[in-house]
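An overview of the molecular structure
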There are 4 protein chains.
Amino acid sequence: MYSYKNDYSEGAHPRILNALMETNLEQTDGYGDDVFTQKTIELLKNKIDSPNSDIHFFSGGTQTNLIVISAFLRPHEAAIAAETGHILVHEAGAIEATGHKIISIEVDDGKLNSEHIASALSAHTDEHMVKPKLVYISNPTEVGTIYTKNELEQLSTLCRDNNLYLFIDGARLGSALCSTENDLALPDLAKLSDAFYIGGTKNGALLGEALVINNESLQEDFRFHMKQKGALLAKGRILSLQFLELFKDDLYFQLATHANKMADRIKDAIRSLGYEFLVHSPTNQIFPILPNHVIEKLEEKNQFYIWSEVDKDNSSIRVVTSWATEEDAVTAFIEDLRAFTKDNR
Amino acid sequence: MYSYKNDYSEGAHPRILNALMETNLEQTDGYGDDVFTQKTIELLKNKIDSPNSDIHFFSGGTQTNLIVISAFLRPHEAAIAAETGHILVHEAGAIEATGHKIISIEVDDGKLNSEHIASALSAHTDEHMVKPKLVYISNPTEVGTIYTKNELEQLSTLCRDNNLYLFIDGARLGSALCSTENDLALPDLAKLSDAFYIGGTKNGALLGEALVINNESLQEDFRFHMKQKGALLAKGRILSLQFLELFKDDLYFQLATHANKMADRIKDAIRSLGYEFLVHSPTNQIFPILPNHVIEKLEEKNQFYIWSEVDKDNSSIRVVTSWATEEDAVTAFIEDLRAFTKDNR
Amino acid sequence: MYSYKNDYSEGAHPRILNALMETNLEQTDGYGDDVFTQKTIELLKNKIDSPNSDIHFFSGGTQTNLIVISAFLRPHEAAIAAETGHILVHEAGAIEATGHKIISIEVDDGKLNSEHIASALSAHTDEHMVKPKLVYISNPTEVGTIYTKNELEQLSTLCRDNNLYLFIDGARLGSALCSTENDLALPDLAKLSDAFYIGGTKNGALLGEALVINNESLQEDFRFHMKQKGALLAKGRILSLQFLELFKDDLYFQLATHANKMADRIKDAIRSLGYEFLVHSPTNQIFPILPNHVIEKLEEKNQFYIWSEVDKDNSSIRVVTSWATEEDAVTAFIEDLRAFTKDNR
Amino acid sequence: MYSYKNDYSEGAHPRILNALMETNLEQTDGYGDDVFTQKTIELLKNKIDSPNSDIHFFSGGTQTNLIVISAFLRPHEAAIAAETGHILVHEAGAIEATGHKIISIEVDDGKLNSEHIASALSAHTDEHMVKPKLVYISNPTEVGTIYTKNELEQLSTLCRDNNLYLFIDGARLGSALCSTENDLALPDLAKLSDAFYIGGTKNGALLGEALVINNESLQEDFRFHMKQKGALLAKGRILSLQFLELFKDDLYFQLATHANKMADRIKDAIRSLGYEFLVHSPTNQIFPILPNHVIEKLEEKNQFYIWSEVDKDNSSIRVVTSWATEEDAVTAFIEDLRAFTKDNR
C-alpha cells in the first residue's frame, strides 16, 4: 500500500531530525526566547526582504489561523473566505469559537477575487450585520489552484482601499511558490499581505508554521494571544530549528519542487490517458476524474481520498504528493493506471 | 553558565529522538489516527490500569488545560483553583478566554483541601454567581509540594459528593510520583480523578502531554474540541511516539527520579548550611532563602529565578532540576554555595 | 407620512401600559422572582398545555436567540438555519460571538425542510468539522411564510431521530398563528419543538419575548445563562406583566389578527391591480413587486423598505402592518396605489 | 411587610409612565434611531458638559458592563476591580464569558486607589499573564461608599499615565452624586473617566442605564457590539424617553436625594441607639450591625438581607432605601427598632 492521502504521512526530512539531534543538549531559555529562534527570525526576515515584519512559530495551521484572526479582529468584525476555505470547512468551527463569523463566498476554483470582496462589502451595511474586516485566502487553495502576482496585487489594493486585512494561509506555500505556473516570491507576499504563514508541517517539518506579520499595527502584544491560546511551546526552539534547517539553504524549495514534480508526472500520465480533472491544479494536490472501476483497482495498492461523485460511473479522487513521495511509487502508480485503463477499453 | 531556570531548557532524551528517527519514513494516517498512537494508548491504559479511560496527546500544558476545561464545562460553570494555580496566574487568561471564571482560593502551600472547596461551594448560591463545577489541582503544585493519597482521596470524595469534576494538572507528574515522600501511583490518579495529564515536555520529551479522561460522560466528542482549539497535530504520531518510548520501560520514572535526586542533593546541602526554604518541596523545584550577596555570587556561574524578597537582606530563589541536570554541575553549585557561605561568616 | 417599515414603530397596546400603571407601586422581589411572573408562567403553561415546560422572559429576539443557542450547545456544536434566518443575517454575529458556527442552507421561501437537514447532516462527518446539533427555524419566516403542522411534524421527527434540538424563533409568532392559512396552535409548538419563543415586542408589548423550553434536559440552570448574558432584568416583572395582559384573554391573538387583516387588505388590493409578489406571504409582512415610479409616488406619503431590485423598472418592497396599523391609513394607501397605477396605464 | 431589600422593588416613578403614555402611538424608527433618543442624547451631553461624548442606552447594569468591557478590550487584556466589584461577584461570570479575566484586588471599603492599581500593574509583567487594561470602579461602591473628587482625579491620572481605561459603574450614581458627602458632578465624571454609566433602573426608571463614552477612540462601531450582545431594543425609544423625563428637570436628583434622606434617617436612628455599622456609607445602602434577636423582630414587619455574621450574637444587615421608600414606613421602622432595643436592655 502506498499513500497519496496527504503530504503529512511521513515524519520529517532527515536533515531536520539531525538539526534537532545536534543541538539537543544545549540549554536555552524557553518559549521562543532562545538564540535559535532569534537566528531563524533574522534568516527569514532576510528571505522575505521585510526587516520590519514580525515572525512567530506555531504547531499547526488551524492554530495559526485561529490565533491570527482572533488577535487581529475586534468582536464585531468578520473574516471573508471562499466557501472552500479551510477555516470555513475543516477547522471544526475554530474561528467561530473565538467569536467571529466567516462570510462564505461561492467560488469556482477556490480563489477569491476583487468582485467577491466588493460584493461582500456591499451586502454588509450596518450594525445589524457583522463588519467584514479580514480577507482570508489560501495559496495554494484547498483545491490546488494558485494566485498570480497580478491577482494578489488586485486583492491587496482592494483590501487596503477598504481597510481590510489580507491574510494568506500558506499551509502548502512551498508547493505554490515552486509551481511551474507561479510568478510570486516570498518578498511579494510580505509586501502584499498584512500577514501570511509559511507552512512547514506539509513540507518536510515534524511540525511547524512560520507566521509573518507585516502590518506593524497588528504586531503589538501578539505573543499574549499565542500564550492565551496554548500555542507558546515551552521548548519553542524545536519549531524554529526546523525552519532554520529548511531555509539556511534551499531545502524548503527543493522539497516542494519534488512534491510538485511527482504530482506533475501523475497529472501528465492521467491527461495522456484522456482523463479530465475537477480543477486545474499546478501544485501537489490533483483531482483527476476516473471511472469508478479504475478507482477500485487503484485502491488495491494505493491510498487516496474519493473526493466527489461526478456521475454514476465516475468520481474525482484527490492525489497528494509530498517531499517524501518516492519516484518508484509514482512510476508504479502510473503503470497501474495505464493497465487498468487499457483493460477497460 | 549553568541553568536551573527550568526543566525544559534542553531538547529531548536521546532515546526519544531515536524513536522518531527509526519510524520517520513510515507512512501513517494523520491527526492521531495512526498505529503508533493506538499502540501508545493501549500501553498507557495498561500502566494506569484503567481500560475505559480515553487518552489524547497535546503539545503543551496550557493547551491541555484550556481544552479540558472548556470541553467539560457549560458556559456558566467555573473552575476552582489555588491562587498559585498555573491556570490562574501563568496562562495569560487562557481559561477565561474560553468563557470560564476561575475561583481563586487562598492557600499556604499550593494545595487545595476539602475545606477550601466546601467554602467555595457555600459562597456560590444562586444564578447571580457562577456555578463551581471543576476542581483544578496540580501535582506537584506550582511550588513543588505534593498530594498524599489520603489527601487526594478526600478531595475526590468531596468532588463526587458535590457533582464536581476533579482535574489534575500533571505537567511535572513524574517528579511527584518519584518523590521520596510520594504514596500515589498512576492507577490511583485514574481512580480518583475525572481527568489528569501526564506531562512529557518537562520530563524529557520534545513536547507532549498525555491527557487521561476517566469519567466516561466527559469522553464524548472530545476530539472535536481538540481540533477546534488547534491541538490536533497533522503528524499526531510525533506526540504518541514519545510517550511510547517513555513508557515502554521505566524511562519516564528514571528521568523524574534523576531530577528529584539532583534537587535533593542541592536541598540537603542548603539545609546543612543552615538556610531555610520558602516551602517544603519534595520534588524537582526548590525555593531556598539565601542572603542576597550569596545569590549574587551564585548568579555568576548559574541561572535561576529570584522568586521573592523575604526581607531586605534575603530572598528566595527557585532552583529547578531536570532529567538532564548534570551531576558535576550540581556538585559545583554546592561547592560554590559552601564557599560563598563560609566567606560570609 | 405613515410608516409600514416595521411592527415596532409604536409603543405598546394601551392595556399593557395600564397594567404597568396599576401594579406600579407594589413591592416585589427582583429578577423575576415575583408573584406577577409566577402567575404569568402558570397562565402560559396552561395556554400551551405543557405543564412541564419552563418559561423565561427576555427583552428582545436577538438576546433570546443567543442565550438559547449558547446555553443548549457544547462548544463544538453548530446550529443549522435557512440562509434568510435572522440569526445568520441580522444579528451582527451574535451566535458566532458565543462561539458557535451556523450552517447556512440555501432555500427558496425562507423555510427549512427535512431534506435540507439530512443533507447538512451528511456533509458533517467527523471532528474536522462542527457537529450539527440544533435546527433553527422562524415561524413566520423572515419573508413572511409559515410552516404547516405537517411540515413541522416532519422536521420534529427528523430532529428527534437525529438527536438534534428544534428551536423556533417566534418573533412574529402571533401573525403566523393568526394567519388564515395556519393550522398550528400553541400546544403543537410545545409538543413538536425543544424550545420556542412567543414574540411580544412585535405584537403590542413595549418589549418582551416569552421563551418556552419543552425539553426538560435543557431546562437545568437556564437562569444562570440569562444572568451571564445580561438578560435578567432587575424589575423582571415588567416583562411578565405584559404577557399576563396579552394572554389573560385573547388580546395577543386579536392584535395579530388585526395586523394580518391589514396586510391582507393591502395584498388583495395589490393583487387585484395585477401586481405580483416576491413570495407568497400569509402574514403581516408582504413583498409586492411594483414599478419603480409607483414606488416613488407611494413614498411621498408612506415609509417602507425597498427590498430588492427585480428588474430595471420594478422592485420589491416590504410592507409591514402591525397591531397599531390604522384602517384609514390602509384605505388611503390602497387608494393611492390604485390612482398611481391608473395614471400609469 | 415593607421591603428594604432593594431599590428596584417598585415599578417606575409615575412621571416616567406618563411620558411613555403620552408618546405611545407616535411612529418612530426602531433601534434607537428615533427623535426621542436623539433629543435625550443632546440633553444628557449638555448635562455632562461633554459634547464629544457618545451616549447609548441599555436595559441593565450587567448588560452594560459586559458590552463595555468586551468592546473596549482586546482578547488578552484584563479588567482590574475591587474584590467586592459587581462584575467579580454578582454577574454570573458575565465578563469572563466574553473572554476577559478580572484581576481581583483586596480592599477594605469597596474602593480602589492608585496603590492598588500600581501593585496590579507591577505583578503583570509579560505575555504569560494577562495584560491589565481597564480599571472598573463603582460609584457608589457595592458597599455604599463613594469616591471623592480628589480620589477620582488620582485614579484618572494614574490610568492615563499607564494607558489604562477608567470605567465607572454608576448603577446607583444618583445616590452617590446626591450624598451629603459628595463633591463630584456629572461633568467631572465625563472629564475623569473613559466611560461611565448613569443608572436608571435603581433610581426610578422601569429599566435603563445611560452609557457615556468619553474617550473618542473607544466610540467607533460601538452599536455593533450592542447589537451582537442583544442589547439594541427594537423599541429603543422606551429607554431614552425615561432618561428624557428624569433629566429634563431635576427629577433624577430629587429621587436620589429622597432615597438618601430615608437612609440617613434610619442611619441616624441606629447610631443614636448605639449600634455600629460594617462600613461608613453615605448613600442609600447601609449595613448596620444589630443583635440577632433585634433582627428577628424587625423581620416580622420588614424585609432586608442578612449581610454577614459579625459574631455569635450580632449580624450586619443590608437596608436599601429608594426613590419610592415611604416616610411613614421609615418612621415605623425606626420606632420598632427603638422599642426592640429598649426591650433588650
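Residues numbered from 1 in each chain as written. Chains lettered and ligands numbered in written order. Predicted model: local features only at pLDDT ≥ 70, side-chain atom pairs only at ≥ 80, totals over all residues. Heavy atoms only, no water.

Re the environment of Leu 251 of chain D
We count it as follows: Secondary structure is summarised from DSSP: a helix means a run of H or I of at least four residues, a strand means a run of E of at least two, and numbering begins at the N terminus for each.
Position of Leu 251 of chain D relative to the elements: it lies in helix 12 (residues 251–272). Each C-alpha atom of the pair Leu 251 of chain D and Leu 184 of chain D lies 18 Å from the other, and the pair is 67 residues apart in sequence.

Some remarks on the nonpolar core
We count it as follows: Residues grouped as a nonpolar core are buried Ala, Val, Leu, Ile, Met, Phe, Trp, Tyr and Cys residues, joined through side-chain atoms within 4.5 Å. Under the scheme applied here, a residue whose accessible area is under 20% of the maximum for its type counts as buried, over 50% as exposed, and between as partly exposed, the area being computed with a 1.4 Å probe on protein chains only.
One finds Leu 112, Phe 196 and Ile 198 of chain A together with Leu 112, Phe 196 and Ile 198 of chain B to be the most contacted residues of the largest nonpolar core, which totals 115 residues. Counting residues in hydrophobic clusters, the runner-up holds 114 residues, among them Leu 44 of chain C together with Leu 152, Leu 164 and Leu 239 of chain D.

Some details on the relation of the copies chain A and chain B
Note the cut-off: Here the copies are superposed with least squares, the fitted atoms being C-alpha atoms of residues at a pLDDT of at least 70 in both. Note on contacts: a residue pair qualifies if any of its non-hydrogen atoms lie within 4.5 Å across the two residues.
Once turned by 180 degrees and shifted 0.0 Å along the axis, chain A lies on chain B with an RMSD of 0.0 Å. Such values leave the two copies arranged in the relation of a two-fold axis. Both copies share a contact surface, since 100% of the interface residues of chain A are interface residues in chain B too.

Notes on the packing of aromatic side chains
Here is the rule: Ring pairs shown here join Phe, Tyr and Trp side chains whose ring centres sit within 6.5 Å, with only the six-membered ring taken for Trp; geometry is labelled stacked below 30 degrees between planes, edge-to-face above 60, and tilted in between. A ring is scored as having a charge over it whenever the NZ atom of a lysine or the CZ atom of an arginine sits within 6 Å of its centre and within 35 degrees of its normal.
If you walk through the whole model with that rule in mind, you get 56 aromatic pairs over all chains. Aromatic side chains Phe 167 of chain D and Tyr 197 of chain D sit 6.5 Å apart centroid to centroid with 35 degrees between the ring planes, which places their arrangement in the tilted category. Within this pair, whereas Phe 167 of chain D is found in strand 6 (residues 165–169), its partner Tyr 197 of chain D is found in strand 7 (residues 195–199), the two being separated by 30 residues in sequence. The residues Phe 167 of chain D and Tyr 197 of chain D share a single accessibility class, namely buried. Positioned above the aromatic ring of Tyr 147 of chain C, the side-chain terminus of Lys 111 of chain C is 5.5 Å from the ring centre. Between the NZ or CZ atom of Lys 133 of chain D and the centre of the ring of Tyr 165 of chain D, over which it lies, the distance is 5.0 Å.

Things to note about the sheet that holds strand 3 (residues 77–82) of chain C
Residues and elements named next belong to chain C. To keep it simple, the criterion reads: Here, any two strands with at least 2 DSSP bridges between them count as paired. Angles run from 0 to 180 degrees between N-to-C directions of axes, and those axes are lines fitted to C-alpha atoms, restricted for helices to the stretch in contact.
The strand order across the open sheet formed by seven strands is 2-8-7-6-5-3-4, and the pairing between neighbours is mixed. Each edge of the open sheet carries a strand with a single partner, namely strand 2 (54–58) and strand 4 (102–105). Each strand axis lies, on average, 25 degrees off the axis of its neighbour in the sheet, ignoring direction. For strand 2 and strand 8 (residues 209–213), the ladder comprises five bridges, and the chain directions are antiparallel. Counterpart to His 56 in the pairing with strand 8 is Leu 211. Running at roughly 115 degrees to strand 2, helix 11 (residues 237–247) makes contact with strand 2, strand 7 (195–199) and strand 8 of the sheet.

Description of the pairing of strand 14 (residues 314–320) of chain C
Residue and element names in this part refer to chain C. Among the seven residues in strand 14, six count as buried, and that is most of the element. Pairing of strand 10 (residues 285–286) with strand 14 involves two bridges; the strand directions are antiparallel. Bridge assignment links Ile 286 to a residue of strand 14, and that residue is Val 319. Judged from the three bridges that link them, strand 11 (residues 288–291) and strand 14 form a sheet pairing that is antiparallel. Of the residues in strand 14, the one forming a bridge with Pro 291 is Asn 314. Pairing analysis gives four bridges linking strand 13 (residues 305–309) to strand 14, with the strands arranged antiparallel. Paired with Ile 306 across the bridge in strand 14 is Ile 317.

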